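# Overview (structure and organization)
Letter by letter, the chains look like this.
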Amino acid sequence: MRLRRSMMFIPGANAGMLSNSYIYKPDSVMFDLEDSVSLTEKDSARFLVFNTLKENLYGDIETVVRINGVETPFWEDDLDMAVRAGVQIVRLPKTETVEEVKELEQRIAKIEKDCGRTIGDTKIMAAIESACGVVNSVAIAKSTPRMVAIALAGFDYLVDMQTSRSSGSEPELFYARAAVLHAARAAKIDAFDVAYGNVNDEEGFLREVEIAKNLGYNGKSLIHPRQIELLHKAYAPAQKDVDHARKVVAAAEDAEKKGLGVISLDGKMIDPPVVHEAQRVLLLAEHS
Amino acid sequence: MKINKRGIAGTLESSDVMVVINPHDSQEIKLIVQSKVEKQFGSSIRKTVKDTLTKCGVLSAVVDVRDQGALDCVIRARVEAAVYRASDEKTVKFGDLS
C-alpha cells in the first residue's frame, strides 16, 4: 500500500527546484516536461530530469515524469529518457482514448527491453483533461496493468467544457470529479484531484481539499511546496479513527496467528475491506 | 562527438550553472571555471565537467563554466545539453549517458 496524497509539480527546466524540492517530502514528485517547459528548452529539460533521476535525489519519494502529449514531436524522446533513467511512473497528458495508452505502453515495453529494465516495471498515470477523456475514463483506467492512477486536470477540462472556475462548491467540476473517481475505483487504482492554482489562497485550497477528500480522492496534484503540509494535515485521520484502526489491525493479526478464518472485534465480525481500510488509516496517521 | 559550433546551456540562477562550449583549434579540452564555491568545490566541478565530456566523446573544445552552486547532476545535465547543441547530433542516446 502506497500513499498518494500529494503529487508536486516541478518544472523540468528549473535546476534549482529539481535540486531542492525533495526537502518538502511530497508523496510523489512530478517532473514536468510539458506545459512548464518552453519549446526551446525541451532538450535541456530532458537532460536535467535524466540526471536528477539517475542521482536518486528523491529517495523514497515516488517519481513521475509528465511527458509531452502523443500529438507532439517530443513525447518519444521524453519517454526514452524517462524509462532509461528509471522513473517509476510516466504521466500521459490529455489522455482521451485507450489507443493512446496502448501506444504508450508498447513504446515503454520496447525501451524497457532495450535498456534491461523488467518489462512492466514502468507504471502509467493518465491525466484526464477533456470531456472526451472523462467520458472514456473507465476504459482508460482499465486499459493496462501498468495504470496505477488517473488524475483529473482542471484547467484544460474547463476550457473544453466552455466554462471556468467558480468558488464555493465548484459545480463545473462535479461531474468530472465523480466520473474520474468512479473510473479509478472501478479499476482499483488511485485518483488525483485537480491542482489549485492560487497558491496564496489557503482557505480556497483547503475547501477544495475537503471536497476531494470527502469524495474519496487519494490526493491532489500540487503546484507549490507550501500546499504539501496543508494537504497532509487535512488528510490526517482523527485520533478516534486511529485508535479504532489499531484495534481492527490487532484483531486481524490475532486471528491470523490463531489460524482463524473469521476476524471479530468486540463481538462483531470484521470483513477484509475493513481491515484494509484500517491499515490505510494507520499509514495515513504514520505519515501525517 | 565533434563540437562544430557554439553550444550554450543553463542559466545564472542560483543552484544552476551556465556552460558555453566552442570549437577548439587543437585536440585538447580548454576548461575555464568560475564558481562562487571555487575554493571548496573547484576541483570537483572540473572533474565532473571533464568526466562528462569524456562520456560524450568530446576530445576538443573550449568550455566555459559559470557555476552558481549547482549539484553534480545539474552540472552533468548542462554540459551534456551544451555538447549536443554544439554538435550535429540530432538524436540523444540516453542509453550511452547512463
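Everything discussed here concerns the structure shown above.
Residues numbered from 1 in each chain as written. Chains lettered and ligands numbered in written order. Predicted model: local features only at pLDDT ≥ 70, side-chain atom pairs only at ≥ 80, totals over all residues. Heavy atoms only, no water.

Let us look at the pattern of salt bridges. It is possible for side chains of opposite charge to pair when their charged atoms get near one another. All names here are of chain A. In the structure shown here, the tally under the stated rule is 36 salt bridges over all chains. Put simply, Arg46 and Asp78 hold a salt bridge, and the shortest N to O gap is 2.7 Å. Taken together, the positions of Arg46 in helix α2 (residues 42-55) and Asp78 in helix α3 (residues 75-85) put the pair 32 residues apart, joining distant regions of the chain. Classification of Asp78 by relative accessible area gives buried; the value is 0%. Between Glu208 and Arg177 there is a salt bridge; the shortest N-O distance is 3.6 Å. (Salt bridge = Lys/Arg side-chain N within 4 Å of Asp/Glu carboxyl O. Helix = DSSP H or I, 4+ residues; strand = E, 2+ residues; numbered from the N terminus. Buried < 20%, exposed > 50% of the residue type's maximum accessible area, 1.4 Å probe, protein only.)

Moving on, we get to the layout of surface pockets. Residues and elements named next belong to chain A. For the largest pocket, the calculated volume is near 620 Å³. Considering the residues around the largest pocket, the lining is formed by 25 residues, among which Arg185, Asp190, Asn218, Glu277 and Arg280 are closest to the centre. When contributions to the lining of the largest pocket are tallied by element, the ones reaching two or more residues are β6 (147-152), α8 (174-186) and α12 (272-286). Ranked by the residues each element gives to the lining of the largest pocket, the list is headed by α12, at 5 residues. Split into classes, the residues belonging to the lining of the largest pocket amount to 12 nonpolar, 3 polar and 10 charged. Approximately 480 Å³ is the volume attributed to the second largest pocket. Considering the residues around the second largest pocket, the lining is formed by 23 residues, among which Ala153, Gly154, Phe155, Asp156 and Ala195 are closest to the centre. Looking at the lining of the second largest pocket, the element that brings in the most residues is helix α7 (residues 154-160), giving 5 residues. Class assignment for the residues of the lining of the second largest pocket results in 10 nonpolar, 6 polar and 7 charged. (1 Å grid on protein atoms, 1.4 Å probe; cavity = no way out; pocket = protein on both sides within 12 Å on 5 of 7 lines; lining within 4 Å. Points joined across faces, edges and corners; volume = space filled by probe spheres on them. Nonpolar A, V, L, I, M, F, W, Y, C, P; charged D, E, K, R; others polar.)

Residues and elements named next belong to chain A. The buried fraction of strand β5 (residues 123-128) is high, at 5 of 6 residues. For strand β4 (residues 89-92) and β5, the ladder comprises 4 bridges, and the chain directions are parallel. Directly across from Val90, in β5, lies its bridge partner Ile124. Strand direction decides the pairing type here: β5 and β6, joined by 5 bridges, are parallel. Among the inter-strand pairings, Ala127 is bridged to a residue of β6, identified as Ala151. (Pairing = 2+ DSSP bridges.)

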